[in-house]
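Summary of the model geometry
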Amino acid sequence: MTAPLLSVRDVHVSFGGVRAADGVDVEVRQGEVLAIIGPNGSGKTTFINLCTGYVKPHAGSIHLEGRDITRNTPRQITKLGIARAFQIPQLFTEHRVIDNLMLAVAARQGFWQVLAPLDQPAHRQRATALLEMVGLQDQAESDVATLPEGIRKLTDIALALALEPRLLLLDEPTAGVSSGEKFPLMDRLMNVLRSQGVTAVFVEHDMDLVRRYADRVIVWNQGKVVADGPPDEVMNDPAVLRDVVGV
Ligand code: ADP
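Okay, so let's go over this structure. For clarity, every value in this text was computed on a predicted model and none was experimentally measured.

Quick look at the environment of Asp228
- With respect to the helices and strands, the residue Asp228 is situated in strand β10 (residues 224–229).
- When the 15 C-beta atoms within 10 Å are taken as the criterion, Asp228 is described as partly exposed.

Describing the site of the ligand
- Around the ligand, a shell composed of Phe15, Val18, Ala20, Gly38, Asn40, Gly41, Ser42, Gly43, Lys44, Thr45 and Thr46 is seen.
- Mapped onto the shell around the ligand, the elements with two or more residues apiece are β2 (18–28) and α1 (44–51).
- Here the shell around the ligand takes three residues from α1, the largest share from any one element.
- Residue composition of the shell around the ligand, by class: three nonpolar, seven polar and one charged.

Details of helix α7 (residues 179–196)
- For α7, which comprises 18 residues, the first-to-last C-alpha distance of 26 Å matches the rise-based estimate of 26 Å (1.5 Å per residue) to within 8%.
- Within α7 the residues assigned to the buried category are Leu185, Met186, Leu189 and Val192. Taken down its axis, α7 places every buried residue within 130 degrees of arc, on the same side. Turned more than 90 degrees from where α7 packs its buried face, Gly180, Pro184, Asp187, Arg194 and Ser195 sit exposed.
- In this fold, the buried residues of α7 make contact with α5 (121–133), α6 (149–162) and α8 (207–213).
- Gly197 sits one or two positions beyond α7 and adopts a positive phi of about 70 degrees.

Remarks on the sheet that holds strand β5 (residues 67–68)
- If you trace the four strands from one edge of the open sheet to the other, you get β2-β1-β4-β5, paired in antiparallel fashion. Each edge of the sheet is formed by a strand with only one pairing partner; in this case those strands are β2 and β5.

Cut-offs applied
- Residues numbered from 1 in each chain as written.
- Predicted model: local features only at pLDDT ≥ 70, side-chain atom pairs only at ≥ 80, totals over all residues.
- Helix = DSSP H or I, 4+ residues; strand = E, 2+ residues; numbered from the N terminus.
- Buried ≥ 20, exposed ≤ 12 C-beta atoms within 10 Å, placed from the backbone.
- Near = placed C-beta within 6 Å.
- Nonpolar A, V, L, I, M, F, W, Y, C, P; charged D, E, K, R; others polar.
- Expected span 1.5 Å × (residues − 1).
- Arc of directions from axis to C-beta.
- Contact = placed C-beta atoms within 7 Å.
- Pairing = 2+ DSSP bridges.

Structure representation (structure tokens):
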């Protein structure tokens, strides 16, 4: 069996008296789509913050393809291949979609590039390719402020892909998107990730999305992973149904 892409071992984090990660062990395998579910306050966002270097564990370790990244900075971790979407609204809404993408492409090349003129042929070419990947080539000249939420989300995905991640962490990818747009957005997102060979972890409250798109589900409760397995199995577990799904 190949080594896991990401390996989180016996990680502990507390905030004051709250144990947000209490001996957490999680492995993410290359190419899988892993969903994280759990009640509010159970530690899902903390897990994403740990994987991206924004929160440091008090104990335990995090490895990316065997490399210890436990003490690396968020910037170093991004460079090593872990990106995050929807962290904060990352888009400059008063600018066009293509400008946002060119900025992300420039930023990927190094901070000094951001100081150079953005609209260079190489930046535009890469930005256009990223928009094509997510099917937004016709929106390149649109102002972000005018876009519906689903299209903004896809733009944000294109920004994350500009970082050339191997692992993409998504915090509720369809939050704020109308119910009719959810499945088409997820279909497109999954196709892009598959075609680019990007492994995905997504935090989700919508159980229909988890059942349809996840290869594996991990369930959080009070800072611990309390279940881990295929969606059919995990989401029929009476304890999960009671504590997480609320039925
Ligand atoms: P979830 O994403 O599952 O809703 P979080 O990871 O955001 O849960 O939070 C887990 C617990 O840790 C909660 O009790 C939350 O209030 C606490 N917590 C998370 N981040 C911080 C922080 N930066 N400072 C203090 N407490 C925090």
